[in-house]
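# Descriptive structure summary
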Amino acid sequence: MAGLPILSIVTFLPMVGALLILVMRGSDQSARNIALVFTTVDFLLTLLLWANFDTGTAAFQFVESAAWLGPNIGYKMGVDGISVLFLLLNSFITPLVVIAGWTVIRERVGQYMAAFLIMSGLLNGVFAALEAFRASIDPADARAPWLLTEMHLRLGRPDAARSWLERAAAISPGDPRDRKSTRLNSSHMSESRMPSSA
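Heads up: these notes are all about the structure in this document. (Residues numbered from 1 in each chain as written. Predicted model: local features only at pLDDT ≥ 70, side-chain atom pairs only at ≥ 80, totals over all residues. Heavy atoms only, no water.)

## Description of the nonpolar core
Counting residues in each nonpolar core, the largest one holds 25 residues, and the members touching the most others are Ile6, Leu7, Ile21, Leu49, Phe62 and Val79. Elements supplying a minimum of two residues to this core: helix 1 (6-24), helix 2 (28-51), strand 2 (70-79), helix 3 (83-100) and helix 4 (109-128). When neighbours within four sequence positions are excluded, Ile21 is seen to be in contact with Ala31, Ile34, Ala35, Gly110, Met113, Ala114 and Leu117. (Core = buried A, V, L, I, M, F, W, Y, C linked by side-chain atoms within 4.5 Å. Buried < 20%, exposed > 50% of the residue type's maximum accessible area, 1.4 Å probe, protein only. Helix = DSSP H or I, 4+ residues; strand = E, 2+ residues; numbered from the N terminus. Contact = heavy atoms within 4.5 Å.)

This is the structure in structure tokens:
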């Protein structure tokens, strides 16, 4: 299975089936047939995934990684011993749902089947996703910890403010503005600890 993007296939295959159902707008029976074929194939692929899973390691397996939208947003998928079982369970239940609604669902059958296919694909994506966004903070522009420090000071939480202040100083220790802000916020926190005279 080397080189085969099995996790991407398992994730997007049900969505392709849903799109096919919605675009074709055929009979209710054709919607049922398409849904059953796509969910069955998806289940067989997860069985193949499970059969090739190495239980002797705790590392993520079948890892797929690609640059997506710039350096901070990447596409990365992989499974461990827990998520591979969730994939198998979800892909096993989805064809059963299709079969259970075979005669019960009589109105808007195509939309019903497409909705379950989309949900199945999204769940597979949730179980297999390792990374959607990579946080990249510029040390010269790390404003978030400072903002959180100020927020906690205004809310009268000096301990939480001090914690965020230490994180902010660790992110950009060489910036003179940060040292100045550190002195100001430290004195502010010391004043906030003092009991009011009223």
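## A word on the packing of aromatic side chains
All chains considered together, the criterion is met by three aromatic pairs. Between the aromatic rings of Phe43 and Phe92, the centroid separation amounts to 5.6 Å while the plane-to-plane angle is 50°, which identifies the pairing as tilted. Of this pair, Phe43 sits in helix 2 while Phe92 sits in helix 3, placing them 49 residues apart in sequence. We classify Phe43 as buried; its relative accessible area is 19%. (Phe/Tyr/Trp six-rings, centres within 6.5 Å; stacked < 30°, edge-to-face > 60°.)

## Observations regarding a nonpolar patch on the surface
Among the surface-exposed residues, Ile82, Phe86, Leu89, Phe92, Ile93, Leu96 and Ile99 lie close enough to one another that they form a single nonpolar patch of about 650 Å² accessible area. Note on placement: Leu89 falls in helix 3. (Patch = residues over 30% accessible without salt bridge, like charges linked within 9 Å, V, L, I, M, F, W, Y side chains within 5 Å. Areas by Shrake-Rupley, 256 points an atom, 1.4 Å probe, with all protein chains shown as cover. Salt bridge = Lys/Arg side-chain N within 4 Å of Asp/Glu carboxyl O.)

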